[in-house]
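Residue-level structural notes
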Amino acid sequence: MRNIKIATGIALLVLGLVSCKDEKQEKAQKTVENYVIYVDSVKNVAAADLKDNWKSVEAEYDRRSQEAQAALADIKDNAAATEKINASKIKYEEFKNEMTAQFAPPAPSPKQQLRDALFGAGKIGDDMSFSWVNAQNIHSVYQQFVHTVENNKDKYSREDWDEIKLMYEALDSRKNTVEKEGLTAEDNRKIAGLKIKFAPMYKINRMGAKSEENKEAKK
């Protein structure tokens with residue numbers, strides 16, 4: 001009788017272990033499936049909605065990816081599950097690259113790139129506002145402008161030189177305003193030196209660029 005009770009107890013223990021193991025495996029399979037479903041669901045969301053919530057999407061993806069990878073240890077024959085995870089990883093990375101390219105701001109126009117080089121990124125936009133230039137920084141603004149032109153004078157087209165002249169005149173106009181706001185005699189002297197340097201450089205190189213353009217037009 002005692003042996004029967006022991007045997008029954010062992011059988012029940014084995015059944016419990018098997019049941020527990022099956023439950024753990026089912027849970028692991030479910031985790032993998034949920035990861036696959038999440039990747040597919042993200043791909044179906046409108047790009048505009050994703051852009052506003054991309055950080056949250058990324059964080060949720062990372063969490064589910066880690067959970068799915070860990071769940072493989074609880075799946076006895078996990079070759080199929082591994083294949084599903086890898087396929088979804090590839091799918092997500094391709095989608096992520098596509099979204100990253102789509103979310104990236106458009107490249108600035110050649111004109112804006114030139115303005116960014118002359119004054120600093122985003123300093124001068126379409127409104128051509130020089131309100132950020134004051135008596136304290138105007139010398140350094142002229143310095144960057146003239147030195148940038150000097151370093152790139154052989155690369156500029158005629159259109160570039162026309163834009164440079166337009167920006168130069170606008171900066172000069174701003175100087176007339178800030179002179180009344182406490183521009184020091186020393187900075188005024190240094191700016192005058194930069195202007196003397198710029199004038200012939202502009203004239204010679206602008207003519208050279210125009211001449212090259214005419215040669216190309218005749219070919």
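Quick caveat, the model's predicted, so the values are computed rather than measured. (Residues numbered from 1 in each chain as written. Predicted model: local features only at pLDDT ≥ 70, side-chain atom pairs only at ≥ 80, totals over all residues. Heavy atoms only, no water.)

**Quick look at the overall build of the protein**
This is how it is decided: Secondary structure elements follow DSSP: runs of H or I of four or more residues count as helices, runs of E of two or more count as strands, with numbering from the N terminus. The buried label goes to any residue with under 20% of its type's maximum accessible area, the exposed label to any with over 50%, and the partly exposed label to all in between, with areas taken from a 1.4 Å probe on protein chains only. Contacts are assigned to residue pairs with any non-hydrogen atoms lying within 4.5 Å of each other.
A tally of regular secondary structure across the protein gives 8 helices and 0 strands. Listed N to C, the secondary structure of the protein is α-α-α-α-α-α-α-α in terms of helices and strands. Every one of the 219 residues in the protein was classed for burial, and the buried ones make up 30%. If you take every contact in the protein between residues at least 6 apart in sequence, the share linking residues at least 24 apart comes to 76%.

**Section: the packing of helix α5 (residues 110-119) against helix α7 (residues 158-178)**
Quick reminder of the rule: Axes, fitted as lines to C-alpha atoms, cover a helix only where it is in contact. Angles between the N-to-C directions of the axes lie from 0 to 180 degrees. For classification purposes, an angle smaller than 35 degrees is called roughly parallel, one larger than 145 roughly antiparallel, one from 65 to 115 roughly perpendicular, and anything else oblique. By convention, the crossing between two helices is left-handed when the near helix turns anticlockwise from the far helix through less than a right angle, and right-handed when the turn is clockwise. For this scheme, ten residues count as nonpolar: Ala, Val, Leu, Ile, Met, Phe, Trp, Tyr, Cys and Pro. Four count as charged, namely Asp, Glu, Lys and Arg, and the remainder, Gly too, count as polar.
Axis separation between α5 and α7 bottoms out at 11 Å; the angle between their running directions is 50°. Our classification of the angle between α5 and α7 gives oblique. Considering how the two elements wind past one another, α5 and α7 form a crossing that is right-handed. Where α5 approaches α7, its residues K111, L114, R115, L118 and F119 are matched on the opposing element by D160, E163, I164, M167 and L171. Looking at the contact of α5 with α7, its residues break down into 6 nonpolar, no polar and 4 charged.

**Some thoughts on the nonpolar core**
Heads up, the rule is: Take the buried residues of types Ala, Val, Leu, Ile, Met, Phe, Trp, Tyr and Cys, join any two whose side-chain atoms come within 4.5 Å, and each joined set is a nonpolar core.
Counting residues in hydrophobic clusters, the biggest one holds 27 residues, and the most contacted among them are L118, F119, F130, F145, V149, I164 and F198. For this core, the secondary-structure elements that each account for two or more residues are α5, α6 (138-152), α7 and α8 (185-218). Tallying contributions element by element places α7 first for this core, with 7 residues. When neighbours within four sequence positions are excluded, F119 is seen to be in contact with I124, F130, W132, V141, Q144, F145, M167 and L171. Counting residues in each nonpolar core, the second largest holds 21 residues, with A28, L50, A71 and F95 among its members.

**Notes on the packing of aromatic side chains**
Quick note on the threshold: For Phe, Tyr and Trp, where Trp contributes only its six-membered ring, two rings pair if their centres lie within 6.5 Å, and the inter-plane angle classes them as stacked under 30 degrees, edge-to-face over 60, or tilted in between.
Tallying each qualifying case throughout the model produces 14 aromatic pairs. Residues F119 and W132 carry aromatic rings whose centres are separated by 6.4 Å and whose planes lie at 80° to one another, so their mutual orientation is edge-to-face. One end of the pair, F119, is in helix α5; the other, W132, is in the loop between α5 and α6, and 13 residues separate them in sequence. Here F119 falls in the buried class, since its relative accessible area comes to 3%.

**Some thoughts on helix α4 (residues 79-103)**
Where we set the bar: Between the first and last residue of a helix there are one fewer steps than residues, each counted as 1.5 Å, and that sum is the expected span.
Helix length check: α4 (25 residues) gives 36 Å between terminal C-alpha atoms against 36 Å at 1.5 Å per residue, within 8%. Residues of α4 that are buried: A81, I85, S88, Y92, F95, M99 and F103.

**Re the side chain of S65**
Locating S65 in the fold gives a position in helix α3 (residues 54-71). Each residue touching S65, except ones within four places of it in the same chain, is listed here: Y35 and K89.

**Quick notes on the confidence of the model for the protein**
For the record, the criterion: Confidence scores here are pLDDT values: one per residue, from the predictor, ranging 0 to 100.
Overall, the predicted model of the protein reaches an average pLDDT of 85, with 86% of residues at or above 70. No element of the protein has a lower mean pLDDT than helix α1 (residues 2-42), which averages 66, and none a higher one than α6, which averages 97. Note on residues 1-19: pLDDT is under 50 here. Beyond four places in sequence and across chains, it has 0 contacts.

**Some points on the pattern of salt bridges**
Quick reminder of the rule: We define a salt bridge as a contact between a side-chain nitrogen of Lys or Arg and a carboxyl oxygen of Asp or Glu at a distance within 4 Å.
The full count for this structure, using the stated rule, is 17 salt bridges. A salt bridge links E150 to K197; its shortest N-O distance comes to 3.2 Å. With a gap of 47 residues between them, E150 in helix α6 and K197 in helix α8 connect regions that are remote in the sequence. A relative accessible area of 36% places K197 in the partly exposed class.

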